Amino acid sequence: MIHIDGRLYAQLYIEDREFPLGKTGFGFIQVNTNVNFFLPMGRIQINDDRRLFQDHFTLGDYTKITLYLGVSPDKKEQLRYDFRLFQYSATQRERIMVYTLDLIYDMPKYFNQLTTTSITSTSTEAIKRIAADCGFKTIITSPTSDSQTWLPFNSKNCMFARNIAQSGYVDDRSMMVLCVDSRGQLKYQNLSNIKFTENDKKFVLSNGNAQTSFSVMARKELSKSGLMNNLYGYKFSTLEQNPVQGGTTQHSGVQVRATGKSLNLNAAMNKQDIPRIAVTPLGGGNVHANYSKAKHQNTRLKAFQSSAVHVAVNNVTKIELLDPVIYYSLDTTGLKGAALSKVASGNYLVTAKSVYATGNGWYYEKFEIVHSGSNFDPDKKQTQMGVSNA
């Protein structure tokens, strides 16, 4: 174990043998998770001035890498990450070899194994079966109403699960998302049903208690509405072709459980006659009744989560992907001092998390949090999502 400047504890194991970080230096340790990743990824830079990798530790394909990080010496309080080596590079800098290890979460059956086994069930039960077969210990799911026979077409388990999730369906408002968080928990959840409460963890631009509220050391508020609306926003519809049932069905509007008072849609633009239609392949009648509608709905509802904030905190938060959080934004540009920004403050969902630790003792976590609108007013405690059509 290495203890840096009284702030950071780190332990690294290679094939269950502890690597002596205290005898050599490391540049950084980074762990990345994102709802768009199949699995968490990591990167470690080690300054090997003692020829440890040449003489004592072998780096080979899919070498087992276990990492502990935290601000406490107690392993129970530290974050554990189980990885496999994906690739590495070694660069000489004067008399030191600098190794950069690229890591993938240790779930090889999910990431590598091809499957030809079909599953007849709801999307939730199908994904739970895939996850259990691949070795996930924790599986968090929402129930769905979409029974059919799911065909993998000789795809990898991770791609099979993702394709199932894209057509997962509960009701006219469901938004199904599949991901694996940094603790290795597979989550398949209906984001439209996630409840926001005053007890959710908070990001604040003031002093936090490091338990339920965290002081933001850096932030970036941004909108992705231009790209998302260009792709799926205004007048976007899907034409479902189903000759077995005798015709076509057009799917257009969706019901959004907005996290703000208004969506990132321009009313004048929305009234313009600029239709865009995606056409599905010919259906064979072997899918659930809402298969094409679900894919249309899941795609559009995700696209409306186009207001985002990148926040960084220097705490071990234990916040994970898809967790609900509350963000309190301060406007510090006015002459009267800091004031609550009602445009950006509000309820958000976590869609990405990065953990950074540096060899000089710095530790911080960076999050991408998103929601579908703006103008949330924390003073009125409007913590439940409203519904609107788009």
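These numbers were taken from a predicted model, which means no experiment stands behind them. (Residues numbered from 1 in each chain as written. Predicted model: local features only at pLDDT ≥ 70, side-chain atom pairs only at ≥ 80, totals over all residues. Heavy atoms only, no water.)

1. Regarding the sheet that holds strand β19 (residues 236–242)
Phase 1 of the analysis: What the three strands build is an open sheet, ordered β20-β19-β23; its pairing is mixed. Of all strands in the sheet, those with a lone pairing partner are β20 (247–251) and β23 (276–279), marking the two edges. If you compare each strand with its neighbour and ignore which way they point, the axes differ by 25° on average.
Phase 2 of the analysis: In this sheet, β20 lies alongside β19 in antiparallel orientation, the contact comprising five bridges. (Pairing = 2+ DSSP bridges. Helix = DSSP H or I, 4+ residues; strand = E, 2+ residues; numbered from the N terminus. Axes fitted to C-alpha atoms, helices over the stretch in contact; angles between N-to-C directions.)

2. Some remarks on the packing of aromatic side chains
Phase 1 of the analysis: In the structure shown here, the tally under the stated rule is 13 aromatic pairs.
Phase 2 of the analysis: Ring plane angle 75° and centroid distance 6.0 Å describe the contact between Y13 and Y68, whose orientation is recorded as edge-to-face. Of this pair, Y13 sits in strand β2 (residues 8–14) while Y68 sits in strand β6 (residues 64–70), and the two are 55 residues apart along the sequence.
Phase 3 of the analysis: Look at F19 and F53: their rings are 5.1 Å apart centre to centre, the planes differ by 20°, and that puts the pair in the stacked class. Separated by 34 residues along the polypeptide, F19 in strand β3 (residues 17–19) and F53 in helix α1 (residues 52–55) bring together distant segments of the chain. (Phe/Tyr/Trp six-rings, centres within 6.5 Å; stacked < 30°, edge-to-face > 60°.)

3. A word on the side chain of H371
Phase 1 of the analysis: Along the chain, H371 falls in strand β29 (residues 363–371).
Phase 2 of the analysis: Since its relative accessible area comes to 1%, H371 is described here as buried.
Phase 3 of the analysis: For H371, the side chain forms a polar contact with the side chain of Y348, separated by 3.4 Å. (Buried < 20%, exposed > 50% of the residue type's maximum accessible area, 1.4 Å probe, protein only. Polar contact = N/O pair within 3.5 Å; in protein donor to acceptor, adjacent residues only side chain to side chain.)

4. Some remarks on unusual backbone geometry
Phase 1 of the analysis: With a phi close to 55°, E94 is a non-glycine residue in the positive phi region.
Phase 2 of the analysis: By the element assignment, E94 lies in the loop between β7 (79–93) and β8 (96–105).
Phase 3 of the analysis: Its relative accessible area of 76% is what places E94 among the exposed residues.
Phase 4 of the analysis: At F153, a residue that is not glycine, the phi angle is positive and equals roughly 55°.

5. Observations concerning the pattern of salt bridges
Phase 1 of the analysis: Counted according to the given criterion, the structure contains 14 salt bridges.
Phase 2 of the analysis: The residue R80 makes a salt bridge to D82 at a minimum N-O spacing of 3.0 Å.
Phase 3 of the analysis: Three or more residues are tied together by salt bridges with common partners; here these are R183, E320, K353 and E365. (Salt bridge = Lys/Arg side-chain N within 4 Å of Asp/Glu carboxyl O.)

6. Brief notes about the nonpolar core
Phase 1 of the analysis: By size, the foremost hydrophobic cluster in this structure holds 30 residues, and its most contacted members are L12, F19, F53, L69 and Y81.
Phase 2 of the analysis: Those elements that provide at least two residues to this core are β2, β4 (25–34), β5 (41–48), α1, β6, β7, β8 and β28 (346–358). (Core = buried A, V, L, I, M, F, W, Y, C linked by side-chain atoms within 4.5 Å.)

7. Brief notes about the sheet that holds strand β14 (residues 176–180)
Phase 1 of the analysis: One open sheet accounts for three strands, arranged β11-β15-β14; its pairing is mixed. The sheet is open, and its two edges are formed by β11 (139–141) and β14, each paired on a single side. Within this sheet the neighbouring strands show an average axis-to-axis angle of 10°, counted without direction.
Phase 2 of the analysis: By the bridge criterion, five bridges tie β14 to strand β15 (residues 186–190) in an arrangement that is antiparallel. Paired with V180 across the strands is L186, a residue of β15.

8. Observations regarding the packing of helix α3 (residues 123–134) against helix α4 (residues 157–166)
Phase 1 of the analysis: The N-to-C vectors of α3 and α4 enclose an angle of 165°; their axes lie 10 Å apart at closest approach. With respect to α4, the element α3 is oriented roughly antiparallel. Relative to α4, the crossing made by α3 is left-handed. Two secondary-structure elements touch here, α3 through S123, A126, I127, I130 and C134 and α4 through N157, F160, A161, I164 and A165.
Phase 2 of the analysis: Here the residues of the contact of α3 with α4 sort into eight nonpolar, two polar and no charged. (Parallel < 35°, antiparallel > 145°, perpendicular 65-115°, else oblique. Left-handed = near helix turned anticlockwise from the far one by under 90°. Contact = heavy atoms within 4.5 Å. Nonpolar A, V, L, I, M, F, W, Y, C, P; charged D, E, K, R; others polar.)

9. Remarks on α3
Phase 1 of the analysis: Between its first and last C-alpha atoms α3 spans 16 Å; for 12 residues at 1.5 Å apiece the expected length is 16 Å, and the two agree.
Phase 2 of the analysis: Listing the buried residues of α3 in full gives S123, T124, A126, I127, I130, A131 and C134. Across the axial projection of α3, the buried residues extend over an arc of 165°, all falling on one side.
Phase 3 of the analysis: Just downstream of α3, G135 is the residue with a positive phi angle, here 105°. (Expected span 1.5 Å × (residues − 1). Arc of directions from axis to C-beta.)

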